[in-house]
Amino acid sequence: MDATKTLKKQSLNQRINAILSTIQGKTYTMAIATIVVILLMIVLAIVPAYTSLTDQMALNTLKEKYLVDMDTKQNILNTLFEVRDSNQTSLTLLDTYLKDKINNEYFVASFYQVAEDLNCEFKGASFSAPAVSKNIKNLNANVIGIKFSASFICKISGVKPLYARIANFPILVYIDAINYSNKKDAGGSGTNNFINDNLAVSISGEYFYWNAKTIQNAVEFNYE
Amino acid sequence: MKKGFNLLKAQAEPPSVWSKMYDWVLGSARIIIIVVEIAVLVAFVFRIIVDLKSKELNKNIEQAESVLNVLHASELKFREIQAKTSTYKMIWDNTPDYSLLISNINSLLPTNTSIKDLTISISGVDIIISGTASKEKEDDIKTLENNLKSNSIYLTGSVLEKLQDTNSQLKFTFKAGLVNIPNKRLSDIKE
């Protein structure tokens, strides 16, 4: 066994020597060995070092971007603080006009006041339970609508001002119907003169409030 | 001492595999190892610099995050204000304004007429005007119809229906669609 091994070893040495004994064989062998070592160094040393470095640099780039974004956000917030402070009055009005609760009493009082200002008579109003508005599409989900209907007695000259005053309430109002008629002349004169008769005026619409939570329990409200 | 030339080739033992390997290790391989070591060393130095920068960035990020955490409640409030503001404008600008229509229709109504129970109903994109006139005064209905058709820029597709009731009275209903109804504009409102 040992003799066979020795023979094989001698034979291998002889073959290697034969290859290395020529200049061409020596050159090729050294070139191959050099390339193999270079590749090994690249794979085992250069690439891990390079990858580690570039990975960390990429991570740093992301961190820098994140930091810049946070700085931008902080600057924007600081600007918003200034804007808020300089518009405090308007923001207070916004909170008043788009309240965070049902405000039927305001409307009843306003209807009464507007009617009085225009020499009309406020007969009554009814309000529906809160619901998502169908009048305006793509409305913010926090906006809740309350449908209302208000009745007045008015001369024809008062109909447009009455409508305009209610439509332009600072609290958001969407008037979708107005009806006026001398069918039931409140004055009882029955002159059939649309200009002089008292008209029954009905204005229907919806007002809005801001609810950051959920729709409150359905509550109906009537004022007569 | 006299120097001379030795033209004989030096006689030496042929190099073994191991001696050739040894020569290679001391030659090419050494250069490769040195180059690789330099490259790894440079990478290591850069890595230290990059790590230091990373540490500094982490510190800055931590500081910025703590500031933003403090401002979080204000940020939510700002978002709500922005949503409310845009919603307010959106609702206002998408609400129809019937003021001009009412003025227009009222100006076209007859002042001295036999028409009774005149009712004007504006709803959404439609208008219905109904009333009653005696059969002898049918022309009053025609006059009203002509007024509405020829002098209103807000009405379209108008239809007049007349029905005779039992007391020789004509009940009529004038229906039309509404066009050119402007929306309210927030910019028109004075402070």
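Residues numbered from 1 in each chain as written. Chains lettered and ligands numbered in written order. Predicted model: local features only at pLDDT ≥ 70, side-chain atom pairs only at ≥ 80, totals over all residues.

### Focus on the overall build of chain A
Operational definition: Strands are runs of DSSP state E lasting at least 2 residues, helices are runs of H or I lasting at least 4, and numbering of each runs from the N terminus. Just to be clear, the radius of gyration here is over C-alpha atoms, and the globule rule we use is 2.2 Å times residues to the power 0.38. Any residue pair is listed as a contact if its two C-beta atoms, each placed from the backbone, are within 7 Å.
Counting its secondary structure elements, chain A contains five helices and five strands. In sequence order, chain A lays out its α and β elements as α-α-α-α-β-β-α-β-β-β. Computed over the C-alpha atoms, the radius of gyration of chain A is 44 Å, more than 25% above the 17 Å expected from 2.2 N^0.38 for a compact globule of 224 residues. Restricting to contacts in chain A with at least 6 residues of sequence separation, those with at least 24 account for 68%.

### Notes on the overall build of chain B
The following threshold applies: Any residue whose C-beta has 12 or fewer other C-beta atoms within 10 Å is treated as exposed, any with 20 or more as buried, and any in between as partly exposed, C-beta atoms being built from the backbone.
Secondary structure summary: chain B contains three helices and four strands in total. Starting at the N terminus and walking to the C terminus, you meet the elements of chain B as α-α-β-β-α-β-β. Taking 2.2 N^0.38 as the reference for a compact globule, 191 residues should give roughly 16 Å; the C-alpha atoms of chain B span a radius of gyration of 50 Å, well beyond that estimate. Classification of the 191 residues of chain B by burial places 16% in the buried group.

### Describing the interface of chain A and chain B
Quick note on the threshold: Polar here means any residue other than Ala, Val, Leu, Ile, Met, Phe, Trp, Tyr, Cys and Pro, which are nonpolar, and Asp, Glu, Lys and Arg, which are charged; Gly is therefore polar. Each pair of strands is called paired provided DSSP finds at least two bridges between the two strands.
Contact with chain A, which involves 63 residues of that partner, is made by 59 residues of chain B. The set of elements that each furnish at least two residues to the side of chain A that touches chain B consists of α1 (2–21), α2 (23–86), α3 (88–97), α5 (156–167), β3 (173–181) and β4 (199–210) of chain A. It is α2 of chain A that contributes the most residues to the side of chain A that touches chain B, 26 residues altogether. A per-class count over the side of chain A that touches chain B returns 41 nonpolar, 15 polar and seven charged. Note that β3 of chain A and strand β1 (residues 116–123) of chain B share five bridges and pair antiparallel. Paired with Ser181 of chain A across the two strands is Thr119 of chain B, which belongs to β1 of chain B.

### Some words on helix α2 (residues 99–108) of chain B
What counts here: Note: the arc covers the axis-to-C-beta directions of the helix.
All of the buried residues in α2 of chain B are Leu101, Ile102 and Ile105 of chain B. Taken down its axis, α2 of chain B places every buried residue within 100° of arc, on the same side. In this structure, the buried residues of α2 of chain B make contact with α5 of chain A together with β1 and β4 (169–178) of chain B.

### A closer look at the domain arrangement of chain A
This is how it is decided: For each domain, the first and last residues come from an automatic or database assignment.
For chain A, the assigned domains read domain 1 (1–86) and domain 2 (97–223). Domain 1 of chain A and domain 2 of chain A are separated by 77 Å when their C-alpha centres are compared.

### Quick notes on the pairing of strand β2 (residues 143–154) of chain A
All names here are of chain A. Direction of pairing for strand β1 (residues 121–127) relative to β2: antiparallel, over a ladder of six bridges. Pairing of Ala125 across the sheet is with Ala150, part of β2. One ladder, built from 12 bridges, connects β2 with β4; its direction is antiparallel. Its bridge partner being in β4, Cys154 is matched across the sheet by Leu199.

### What about the packing of α1 of chain A against α2 of chain A?
All names here are of chain A. Convention followed: The axes are straight lines fitted to the C-alpha atoms, using for helices just the contacting stretch, and the angles between their N-to-C directions are given from 0 to 180°. Throughout this description, any angle smaller than 35 degrees is read as roughly parallel, any larger than 145 degrees as roughly antiparallel, any in the 65 to 115 degree range as roughly perpendicular, and the remainder as oblique.
Contact pair α1 / α2: the axes reach a minimum separation of 5 Å and the direction vectors enclose 100°. Between α1 and α2, the crossing angle belongs to the class labelled roughly perpendicular. Judged by residue contacts, Ile19, Leu20 and Ser21 of α1 engage Gly25, Lys26 and Thr29 from α2.

### Topic: the confidence of the model for chain A
Residues and elements named next belong to chain A. Operational definition: On a scale of 0 to 100, pLDDT captures the predictor's confidence in every residue.
On average, residues of chain A score 85 in pLDDT, and 90% of them reach the 70 mark or higher. Segment residues 186–190 is flagged for pLDDT under 50; beyond a separation of four residues in sequence, or across chains, it makes seven contacts in the model. Residue range residues 214–220 is modelled with pLDDT below 50. Its contacts to residues more than four positions away, or to other chains, number nine contacts.

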